[in-house]
Each structure stands twice: as structure tokens, then as C-alpha cells.
Amino acid sequence: MDKVLDMVIDKLSSNNIEFAEPFYMSNDKKTIMGEIPFSEILFLEYRDTEAGSNPREYIGLKKTNESIIKSLLKDYENMFRFLHSGIIVSLVNPFIDLERKLVKYDDCCLTNGNQTRFIILILVVLKLIFREKELNTLKQKQINLFIKNNFPDNPITRSKMPYIKYDRVNQITNFLLKNSKYLKSFNELKLEYFLKSRIRIQLNLINSIVDDLKDELDTYSAGTLIAEANNDTQKVRADDIFGNKYKNQLDENIFKDFIVKYNNNVKIEYRLGEVVEKIDKVHILTLLRPVVATGILTNEKDIFNFTNKRDPIYKLFERLLNVTKNKQTVSIISKLIPFLYNIREKYVKPILENYRRELIRKYKEKALMGDLENSIISKDIIEARADDSKLEKIIKNIVNYNIEHILPVLIFRIRRIIDEVPENGNIKLNIDEDTIFDFFKALTEVIYGKYVEKKLGGLPTSLTTLVRSKDFYDIGSECYETLIRTRTYKLNESNFIYRYRILIK
Amino acid sequence: MSIISIKRNHLKFEENLNKLIKYGLEVITENITVKKDKISKKGKNILLESLLLRSCAYWENFLEKEIIILINLNSEKFKLKVELPSNMKLNLKLIRAILYGGEYRDFHDITHFKSYFSKILIEEYNPFKNITGEQLKKIDIVYTIRNYLSHYSEYSKKKLYQAYMNNFNYKIFQEPGIFLFKEKGKYFENLIHNFVLVSVNMKSFLGVKDG
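Keep in mind the model is a prediction, meaning the values are calculated, not measured.

Conventions we followed
- Residues numbered from 1 in each chain as written.
- Chains lettered and ligands numbered in written order.
- Predicted model: local features only at pLDDT ≥ 70, side-chain atom pairs only at ≥ 80, totals over all residues.
- Helix = DSSP H or I, 4+ residues; strand = E, 2+ residues; numbered from the N terminus.
- Buried ≥ 20, exposed ≤ 12 C-beta atoms within 10 Å, placed from the backbone.
- Contact = placed C-beta atoms within 7 Å.
- Pairing = 2+ DSSP bridges.
- Axes fitted to C-alpha atoms, helices over the stretch in contact; angles between N-to-C directions.
- Nonpolar A, V, L, I, M, F, W, Y, C, P; charged D, E, K, R; others polar.
- Expected span 1.5 Å × (residues − 1).
- Parallel < 35°, antiparallel > 145°, perpendicular 65-115°, else oblique.
- Left-handed = near helix turned anticlockwise from the far one by under 90°.
- pLDDT = per-residue confidence, 0-100.
- Domains from an automatic or database assignment.

## A few points about the overall build of chain A
Here is step 1 of the chain: The helix and strand tally for chain A stands at 25 helices and 12 strands.
Here is step 2 of the chain: With respect to the three principal axes, the spread of C-alpha positions in chain A is 85 × 65 × 40 Å.
Here is step 3 of the chain: Residues classed as buried in chain A amount to 37% of the 505 residues present.
Here is step 4 of the chain: Counted over contacts in chain A with a minimum sequence separation of 6, partners at least 24 positions apart contribute 76%.

Next up, the structure:
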């Protein structure tokens, strides 16, 4: 087993692909095809490399991936390579050694087959951890300890091993524990044979491909283009495609000020799940959505409709980035993003969390008093009255919130008090620093309170439809009007947002 | 008049406790630091312990008043119990004098006094029967903590340790402040809010409506 472990460790830092037999190479040296052992694919890079970026992360044990694991465990040695369509990898600066059946490279991007690779990798890790012992679920701590005790402590280990997340590993473990047939196959699996089992591979040699192109395309763009096309028929999240495609432009323009302000304390996630380190992270949609709520990019009537839909948000920003005359607005948006994120983190998040607990207490009291008889949970409450934890669970279901539903409404409400500091062009709220917390508290609690009331009353349609409606965005308007007329807050409305607004069709 | 007094007594009690919970949670979640200076972890623990002690004081004060008002609503059984003539007219002050005048009385342990309440309160005005077993258990836990904080005796420590083990599965003893701080004040909130829910259950039994 230790020999096998050594081989796996060896593959971790390897920059070559070794074929099982002589392979096919096209005359123009753009394509290589053949068969390689599983061991060769364990640690292939797939994101943000010079050879491109695959928009698709490992999605866990969904239906298709379950079929992969089943066909793997049924017969990995003989049938698997015929049942699987194979993997595709883009390579940069390859060195082809026909004699040793070897291709060396500087960078690679696994553009197709990432799901299969992760399943194989997790099976290998499970086998290495449990060896002959009985399979069981793992904690991240146990996985980390296994890595620490067996793998060299170097940057490659630190960058690649965090891909192995306990929840993904446990999905596979639980699948095996529930399916005795596959558990038996797993228990009988011999790792040395498993790692030697073959899969078909197609290598795209990016340099030769790019050289012959009429359009000027760098290796990263060509690789990413291939990766996206390879994943076109799969269900890739719109977020991942947008984040993947516009990463550089977003970094340089839209998120410029955010990156300066948060200086790597908060990492931007361009594809969901890509940041695996224990560090504060924020997804691109979280940063972009509140900008739409300010109305800087659309008509008011479109704000309600767009803010809670992914695709229109990405389309808005895609168009914004593609027109050069938008530079001034882009620069304002870049300033708005850290400003709005700060509001979210410093005020809205803690206020919502504290108010959530208050609402749970309040509604528990109401439930015991019989004041929720006309709500959608009235029947459940009758059964749970004598059981506090049961009652709390029912109430929690109603009171729980999605910050993405509430924050845009709040930003929409305060859009007219967002202003610019004339001296330095920074963005500020036209409100006294001393009263800002109470101001946000009042407004956030009104919006959240109404949100819960609507849920309790029973929704005519879905919650998503509700949070996209004009009615929902009207929540808090009365409170806002009252607050701006109250002397305590000394609010001054401005037309800053409208000054820089561009309507993107 | 007395029903209004009952309502007032409950609302005051609930308001006091809710304010106390809110303050405690602000301390725990540091929302307070938006406006004020940071409080040390040790300081927070001490604050939480004192808030729990105060909740006990609110509870005892609430009970003291509640029992008097309930007897005043119908004093038939009470007069029988304390051997007063059935035609004697009682009022709040007189009931207070009879109940608490001669000796110090503390009714916080509802389980212990359940049968006594049945002897002095008529069925219709005995809301203590509406308190659930789970709620009584939580009051017991609060008082186990309170006793430890008031005495720091070996006996009270042992009792508290047992309560941690039996109710929360904790294998090691921890000071109440640390326990109350755990999981963003989950236990602090739940144990103190339990008093509010007890009050709500009693109110609901008596047919007192909010608003």
C-alpha cells in the first residue's frame, strides 16, 4: 500500500502525462489521443491556468456522477473505458517523448472529465485512509491529518489537496454504505490495479492551435474557449460561465476598488466553491446584485425584476463591460461595490441575525397565545404547543430569511442618500455617522418583519416571485419617508446615482 | 380590575425579560460595539451571569404579585386554607399581609408549590397548571445556576455539574458565564425566554389577551 501512496504523492507534483501504450498524434501536432492509467489524471489542474479555465467545479454526487461511480465500481479494469467517453485536457508548451510514451507540459487544464477525475480521486483517498478497515464517514480534521501525515508539506500539496472536502468525500462514503453491492466492490478494490485501469484521453496542444489562428488569441483564452465549449452541453451554472469568462475584466474594472480595500482578506469567488481555503470569501453575484438595486444600470421598473435573477444581472454587467464609453460608470460601480458590501457586513448582517432571534421569540409567544390561528402554520402549532423545540423548529422555518431577498430592497430604499465626497470622490451616505446604525436597524427590521408576515400569511405564488415584485420593493417606503423627515437622522437626498446612471438595454 | 392587574403584571414581566435578553445578546454578538467600547470576554461572562440573576429576581417579583392578584380574583379556597371567615372581604393589601407578613415566602419553585397553589387558588384561576413539564425543567436549571452563583458551594457546584450532564450532555464543569455565552448565547436566550413563555402560557390559561 505504501508503494501506491508513494506513486500518488509522486503524481501530485508531476507535470507529465504517461500513456499506457503508444498514442496517436495528428500531423499538425494539435491533437494527441490515447489511453492513460487513472493515476495520471488524479491531480490535473482545471482552473485558471495558462491552458485555460474549466467553468465547471465538481458538483458532488448528483445523478450523472452516481452513474459514473457505479460503472467504475462495476468493472474498472475492463469495461469502464468503453462506457466512458473519455477526458479532454488542454496543454501549454508540451514536450512530446514518443519513445517513453510521455507528454510533458508547463500548464494544463482538464476541460472535460473533471467529475470523473474527482470521483476517482476520492475513491483513492478513501482507500488510502481506510485501507483494510471498515469504511465510515470522515471529518475534515481526519482528512487533513491524513494529508499532513502522508503528503509532503509544500505549496503543491497546499494548493491541490484542499480540493478534497469532507462533505464531498462523505457523499461517496454514504452512497457506498447504503449500497451493499458497491460497498463490496469498493472493499474488494485493489488500489494498484485501480490506478492502472485506463481511461481514454484527448490532448489539445494549445500552442499549435493558437499559432494557426487568424484572430489573436492567447493560450488562456483559447483553452477557456475549449473548456466552455466542452461543457456547453452540461448543466454549467450561469454564474460559473460568467465568472470564468470575465474574471480578468472584473478584476481590473468592476472589482478594482473592492480588491484594493479588502486586500485579500476577502477572496472573490468567480465560480461557486472554487475558494477552498479557510478565508472569508464572497461570490461575484453577492457583489453585483446590490449594484443593480441602486438603479445605476436600469430603469426603476426593471430593478425589481432583475435584482433577484442571475442571468439578467450577468447580462447587464457583460454589456457594461463590453462598451468602452461606460468607463465613468464602471469606475463609480467599482467604488460602490466595497461601499455596499460594507453596509451588508457591518450593518445588515448583524441586524438581521439579531432580529431573527427576536422574531423567533416573538412568534413563539404568539403561537402559545393562539395569535397565529390564521397563519399557514396554525395546524402545526397546535401539535407542537407543549414541545418547545418542535415549536421553535416550525417558527424558524418561517422566520428564516435569505439576505439576498432583503438587502436589495434596503439598497433600493436608500439609493437616494448615496452620495459622493466632493474632495476625494469617495462614496458616502448622507447621514450622520452617529445615527447610521439605528437608521439601518429601523429600516432593515421593517423590511424583514414584513417579509416574515407575508410568509406567515401564505404566499399566493412562490417566495421568489414575491421578492421580485414591486409590492415587495415598496416595503419600507413609509418607514424611509418617516425617517428622512425625522430631524434625528438629518438625511439629505442626492441625485448621485442618477448622475452616473446608464440604461443598459 | 384584577384581570387588568394580571395583564399589567405579565406585560411588565415579559417586557423586562425581553429587554434583558436583547441586551445580553447585544453583548454577546457585539452589536453594542458599533456604538460603545468593546467588552472583554470575561466581562461578557460576568454580565451574562448577572443578567441571569436578575431574571430570577424578575420571576420572583412577578410570582409574588401574581399570586396575590389571583387570590383576589376568587379567595374562596384561600380563606378556607388560612382559616378565615368565608364572609370576610379581602383586598390586595390584606392578601399580601396574610401571605407574606409573618414570614419570608418564595414561590419560585412551581413544581414544589403546585399542590399548595391548588389549595389556595380555584381551578379557573390556577394558571400554574398550564405550565409544561419542559418549562418547569428549564426554570429548575436556571435556579441551579442561580444557587451556584449565590453560594459557590461544593454542593451547588455538584448540582450544576449534574444539570449540565443531564440536560446538555456536557462532560466537564464550566462556569455559568462561559456556558451562557456558548453558541452565540443560545442557552442564555432559551433559558431566560422560557420565563416569558411560562408567563404567556399562564396568560393564555387565564384568557388574558395582548393588546
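## Things to note about the overall build of chain B
Here is step 1 of the chain: For chain B, the helix and strand inventory stands at eight helices and zero strands.
Here is step 2 of the chain: Its C-alpha atoms put chain B at 60 × 40 × 30 Å along the principal axes.
Here is step 3 of the chain: Nonlocal contacts in chain B, meaning residues at least 24 apart in sequence, comprise 76% of its contacts between residues at least 6 apart.

## What to know about the sheet that holds strand 6 (residues 102-104) of chain A
Residues and elements named next belong to chain A.
Here is step 1 of the chain: The sheet built from three strands is open, its strands ordered 1-6-5 with antiparallel pairing. Among the strands making up the open sheet, the edge pair consists of strand 1 (16-18) and strand 5 (95-97). Going from strand to strand, the sheet's axes swing by 10° on average, the running direction of each strand aside.
Here is step 2 of the chain: Strand direction decides the pairing type here: strand 1 and strand 6, joined by three bridges, are antiparallel. Within strand 6, the position partnered with Glu 18 by the bridge is Leu 102.

## Description of the environment of A:Ala222
All names here are of chain A.
Here is step 1 of the chain: Relative to the helices and strands, Ala 222 is located in helix 11 (residues 219-230).
Here is step 2 of the chain: A tally of 21 C-beta atoms within 10 Å means that Ala 222 is categorised as buried.
Here is step 3 of the chain: Ignoring sequence-local partners within four residues, the contact set of Ala 222 consists of Gly 52, Ile 206, Ile 209, Val 210 and Leu 217.

## A closer look at the interface of chain B and chain A
Here is step 1 of the chain: Counting residues at the interface gives 17 residues for chain B and 13 residues for chain A.
Here is step 2 of the chain: Sorting the residues of the side of chain B that touches chain A by element identifies helix 1 (2-29) and helix 8 (176-206) of chain B as the ones contributing at least two each.
Here is step 3 of the chain: Broken down by element, the residue count for the side of chain B that touches chain A peaks at eight residues, all from helix 8 of chain B.
Here is step 4 of the chain: A per-class count over the side of chain B that touches chain A returns five nonpolar, six polar and six charged.

## Points about the pairing of strand 4 (residues 87-92) of chain A
Residues and elements named next belong to chain A.
Here is step 1 of the chain: With respect to burial, strand 4 is a largely interior element, six of its six residues being buried.
Here is step 2 of the chain: Both faces of strand 4 are covered, namely the face carrying Ile 87, Val 89 and Leu 91 and the face carrying Ile 88, Ser 90 and Val 92.
Here is step 3 of the chain: Bridge count for strand 4 against strand 8 (residues 198-205) is five bridges, and the pairing is parallel. Note that in strand 8 the partner of Val 89 across the bridge is Leu 203.

## Topic: the sheet that holds strand 4 of chain A
All names here are of chain A.
Here is step 1 of the chain: Judged by pairing direction, the sheet is mixed, and its five strands sit side by side in the order 2-3-8-4-7 without closing on themselves. Both edges of this open sheet fall to strand 2 (24-25) and strand 7 (107-112), since each of them pairs with a single strand only.
Here is step 2 of the chain: Taken strand by strand, helix 11 contacts strand 4, strand 7 and strand 8, and its axis lies near 20° from that of strand 7.

## Some remarks on helix 21 (residues 436-457) of chain A
All names here are of chain A.
Here is step 1 of the chain: When the terminal C-alpha atoms of helix 21 are compared, their 32 Å separation across 22 residues agrees well with the 32 Å that a helix rising 1.5 Å per residue should span.
Here is step 2 of the chain: Here helix 21 has its buried residues at Phe 439, Phe 440, Leu 443, Thr 444, Val 446, Ile 447, Tyr 448, Tyr 451 and Val 452.
Here is step 3 of the chain: Close packing links the buried residues of helix 21 with helix 17 (327-369), helix 19 (388-399), helix 20 (403-414) and helix 24 (477-485).
Here is step 4 of the chain: Trailing helix 21 by a residue or two, Gly 458 shows a phi angle of about 90°, which is positive.

## Looking at unusual backbone geometry
Residue and element names in this part refer to chain A.
Here is step 1 of the chain: Its identity is not glycine, yet Lys 29 carries a phi of approximately 55°, on the positive side.
Here is step 2 of the chain: Residue classification places Lys 29 among the partly exposed residues on the basis of 14 C-beta atoms within 10 Å.
Here is step 3 of the chain: Of note, Arg 131 is a non-glycine position whose phi angle comes to about 45°, a positive value.
Here is step 4 of the chain: Of note, Arg 131 is situated in the loop between helix 4 (114-130) and helix 5 (140-150).
Here is step 5 of the chain: Taking the C-beta count within 10 Å as the criterion, Arg 131 has 9 such neighbours and is therefore assigned exposed.

## Brief notes about the packing of helix 2 (residues 41-73) of chain B against helix 4 (residues 92-100) of chain B
Residue and element names in this part refer to chain B.
Here is step 1 of the chain: Running from N to C, helix 2 and helix 4 point in directions that differ by 120°, and their axes come no closer than 9 Å. Here helix 2 lies oblique to helix 4, going by the angle between them. Every pair of crossing elements has a handedness; the one defined by helix 2 and helix 4 is right-handed. Touching Ile 67, Ile 68, Ile 71 and Asn 72 of helix 2 are Leu 92, Ile 95, Arg 96 and Leu 99, all from helix 4.
Here is step 2 of the chain: Taken together, the residues of the contact of helix 2 with helix 4 break down into six nonpolar, one polar and one charged.

## Some points on helix 15 (residues 300-307) of chain A
Here is step 1 of the chain: For helix 15 of chain A, the complete set of buried residues consists of A:Ile303, A:Phe304, A:Phe306 and A:Thr307.
Here is step 2 of the chain: Packed against the buried residues of helix 15 of chain A are helix 14 (284-294), helix 16 (310-322), helix 20 and helix 23 (470-474) of chain A.

## A word on the confidence of the model for chain B
Here is step 1 of the chain: Mean pLDDT over chain B stands at 91; residues scoring 70 or higher make up 96%.
Here is step 2 of the chain: Across the interfaces of the predicted complex, the ipTM metric reaches 0.87, alongside a pTM of 0.72.

## Describing the domain arrangement of chain A
Residues and elements named next belong to chain A.
Here is step 1 of the chain: Structurally, chain A comprises domain 1 (2-230), domain 2 (238-322) and domain 3 (337-499).
Here is step 2 of the chain: Each of domain 1 and domain 2 has a C-alpha centre, and these two points are 30 Å apart.
Here is step 3 of the chain: On the side of domain 2, nine residues touch domain 1, which itself brings 10 residues to the contact.
Here is step 4 of the chain: The class makeup of the residues in the side of domain 1 that touches domain 2 is three nonpolar, two polar and five charged.

## Some thoughts on the environment of B:Met202
All names here are of chain B.
Here is step 1 of the chain: Looking at where Met 202 falls in the secondary structure, it is placed in helix 8.
Here is step 2 of the chain: Spatially, the C-alpha atom of Met 202 lies 24 Å from that of Ala 97, the residues being 105 residues apart in sequence.
Here is step 3 of the chain: When neighbours within four sequence positions are excluded, Met 202 is seen to be in contact with Pro 127, Asn 130 and Ile 131.

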